[in-house]
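The primary structure of each chain is shown beneath.
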Amino acid sequence: MIFENTRAFAQQLDSQDPLHKYRNEFYFPEVNNKKVIYFTGNSLGLQPKRTKAYIDEIMNDWANLAVEGHFYAKKPWWDYQERFAEPLSKIVGAKPSEVTVMNTLTVNLHLLMVSFYRPTKTRFKIICEEKAFPSDQYMLQSQIRFHGFNPDEAIVEIKRREGEHNIRTEDVIAKIDEVGEELALVLIGGVNYYTGQVFDMKAITAAGKAVGAYVGWDLAHAAGNVKLELHDWDVDFAAWCSYKYMNSGPGNASGCFVHEKHHNNPDLPRFAGWWGHNKERRFKMEPDFDPVQGADGWQISNLPVLSLAPYLASVEMFAEIGMEALIEKRDKITAYLEFILHEIDKEVDSNFEIITPSNPAERASQLSVFLHGEGRSLFDYLMKNGVITDWREPNVIRLAPVPLYCSFEDMYHFGQILKKGILEK
Ligand SMILES: *Cc1c(COP(=O)(O)O)cnc(C)c1O
């Protein structure tokens, strides 16, 4: 499609966009009495207007039923998480029994590593990406130390090649083959939080399995953003947060995937709690743990229903739309943003560089822009003028044109603000 850098053209794209109506389903912060251009849905998604009703329902049931709400609430609390199985499994490409919601992301990765990182003297290494999200780095280091190994020896980072911004799939696979029989686990962020690069999860998972390692994915930036086929790719486990692309609210509950083939494996250790115990007999208060079949068997505590409620609102909205429609718009609006950036660059010779892959198959809903020169002052200018983006050292702004609520006109408008900011510097 030939794009144009005009308001009329952007408005025309909006008028043809079947998802445009969802913009009205969200609350936008305002700057100078105008809705902001919100580029940080990869950090904290906007609040859907329908969310409050889901929370109110729990509050009302709690007021009216108190403890009876566990069984007699409109959506009973004791198995509230089962409402996620069907819609969430479609979002991540799993069977309903393979997903559950609980805790928060880093906590879930720790818990899943209890099952899937069991190092031996000969097989103890973990492959991850260079400059992984800090929480993941701390998690891996602490897990390795917990098992009595040295992180400097056990962690193998895949590096970018000199002068390149992204990691090559072939380099990940070569490293997996090289580490071979020493490799216990591959654990990588499916979409890199800094560059927006989408890894070839299918190929990397296959390579890890081929050398006998477990393969898990941190899908913080992938859930609700990219097409996932966790079951078919034969991924062992995965976890994601729900407050980024999935708009469930600050610090909210995490989702987990455990492949079906592990559901019946009694040798797989796990940290247990009563909510993972056989559902029919949970309240018999028996002494021996008998896990629920499926990802629910990794549950520990009774459910934080007040925080699951906004997540359920979001998952149902995603189910209504479908990932295909979302991804179709995602690719179009990201390409339009890329076009606008190039146009402004031509007009004002701003000397910035998009470090996210230009190949649509290797990126999703994020363009990271390296601002050479006075990046920070330009960032401040954008924020003051109603463009909410974020700053990452040394000189990068991340722009996520989230397809659920960003408009093509936003992209045009952003270009004009950016241009003015550069010219005023
Ligand atoms: C956002 C993010 C996290 C955050 O973890 P929490 O436990 O939810 O605080 C972890 N990993 C990655 C890759 C992220 O992008």
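Residues numbered from 1 in each chain as written. Predicted model: local features only at pLDDT ≥ 70, side-chain atom pairs only at ≥ 80, totals over all residues. Heavy atoms only, no water.

**Describing the sheet that holds strand β14 (residues 367–371)**
Logical step 1: Spatially, β13-β14-β17-β16 is the arrangement adopted by the four strands of the open sheet, whose pairing is antiparallel. The open sheet is flanked by β13 (352–354) and β16 (390–392), the only strands paired with a single partner. Mean inter-strand twist for the sheet, computed between neighbouring axes without regard to direction, equals 30°.
Logical step 2: With three bridges connecting them, β13 and β14 associate as antiparallel partners. Looking at β14, one finds that Glu353 is bridged to Phe370.
Logical step 3: Where helix α12 (residues 375–384) meets the sheet, it contacts β14, β16 and β17 (396–399), and its direction lies at approximately 165° from that of β16. (Pairing = 2+ DSSP bridges. Helix = DSSP H or I, 4+ residues; strand = E, 2+ residues; numbered from the N terminus. Axes fitted to C-alpha atoms, helices over the stretch in contact; angles between N-to-C directions. Contact = heavy atoms within 4.5 Å.)

**Here we look at the UniProt feature "binding site: pyridoxal 5'-phosphate" (unreviewed entry) in the protein**
Logical step 1: Under the feature "binding site: pyridoxal 5'-phosphate" (unreviewed entry), the UniProt entry names Leu105, Thr106, Phe133, Pro134, Ser135, Asp136, Asp218, His221, Tyr243, Trp274 and Asn302. These annotated residues cover 198 residues of sequence, and their C-alpha atoms reach 31.5 Å apart at the extremes, leaving them scattered rather than at a single site.
Logical step 2: As for its placement among the helices and strands, Ser135 is situated in helix α6 (residues 134–146).
Logical step 3: Within the secondary structure layout, Asp136 lies in helix α6.
Logical step 4: Residue class for Asp136 comes out buried when judged on its relative accessible area of 9%.
Logical step 5: Not counting chain neighbours up to four residues away, the residues in contact with Asp136 comprise Leu109 and Asp218. (UniProt positions renumbered as here; feature names shortened; annotations may be inferred. Buried < 20%, exposed > 50% of the residue type's maximum accessible area, 1.4 Å probe, protein only.)

**Re the UniProt feature "modified residue: N6-(pyridoxal phosphate)lysine" (unreviewed entry) in the protein**
Logical step 1: In this structure's numbering, the residues bearing the UniProt feature "modified residue: N6-(pyridoxal phosphate)lysine" (unreviewed entry) are Lys244.
Logical step 2: Inspection of the secondary structure puts Lys244 in the loop between β11 (237–241) and β12 (254–258).
Logical step 3: With near-sequence residues (within four places) excluded, Lys244 lies in contact with Gly41, Asn42, Ser43, Leu44, Gly45, Ala220 and His221.

**Overview of the domain arrangement of the protein**
Logical step 1: Domain parsing of the protein yields domain 1 (7–49 + 323–423) and domain 2 (75–321).
Logical step 2: Inter-centroid distance (C-alpha atoms) of domain 1 to domain 2 is 29 Å.
Logical step 3: Contacts between domain 1 and domain 2 engage 37 residues on the former and 25 residues on the latter.
Logical step 4: Both faces combined, the contact of domain 1 with domain 2 buries some 2500 Å², and carbon together with sulfur accounts for 59% of it.
Logical step 5: Interface area lost by domain 1 to domain 2 is led by Tyr22, Met323 and Ile355, which between them contribute 23%.
Logical step 6: Where domain 1 touches domain 2, the interface holds one salt bridge.
Logical step 7: Joining domain 1 to domain 2, the criterion identifies 17 residue pairs in polar contact (both at pLDDT 80 or more). (Domains from an automatic or database assignment. Buried area = accessible area lost by both parts, 1.4 Å probe. Salt bridge = Lys/Arg side-chain N within 4 Å of Asp/Glu carboxyl O. Polar contact = N/O pair within 3.5 Å; in protein donor to acceptor, adjacent residues only side chain to side chain.)

**Points about the packing of aromatic side chains**
Logical step 1: Taken as a whole and judged by the stated rule, the model has 24 aromatic pairs.
Logical step 2: Aromatic pair Phe84 and Tyr311: ring centres 5.1 Å apart, planes at 55°, arrangement tilted. Of this pair, Phe84 sits in helix α4 (residues 82–92) while Tyr311 sits in helix α10 (residues 305–321), and the two are 227 residues apart along the sequence. Comparing Phe84 with Tyr311 shows no difference in burial state: the two are buried.
Logical step 3: Every member of this aromatic cluster is reached through a ring pair, and the members are Phe3, Phe9, Tyr336, Phe339 and Phe408.
Logical step 4: Looking at Lys244, its charged tip hangs above the ring of Phe133, at a distance of 5.0 Å from the centre.
Logical step 5: Over the aromatic face of Trp298 sits the side chain of Arg270, whose NZ or CZ is 3.8 Å from the ring centroid. (Phe/Tyr/Trp six-rings, centres within 6.5 Å; stacked < 30°, edge-to-face > 60°. Lys NZ or Arg CZ within 6 Å of the ring centre and 35° of its normal.)

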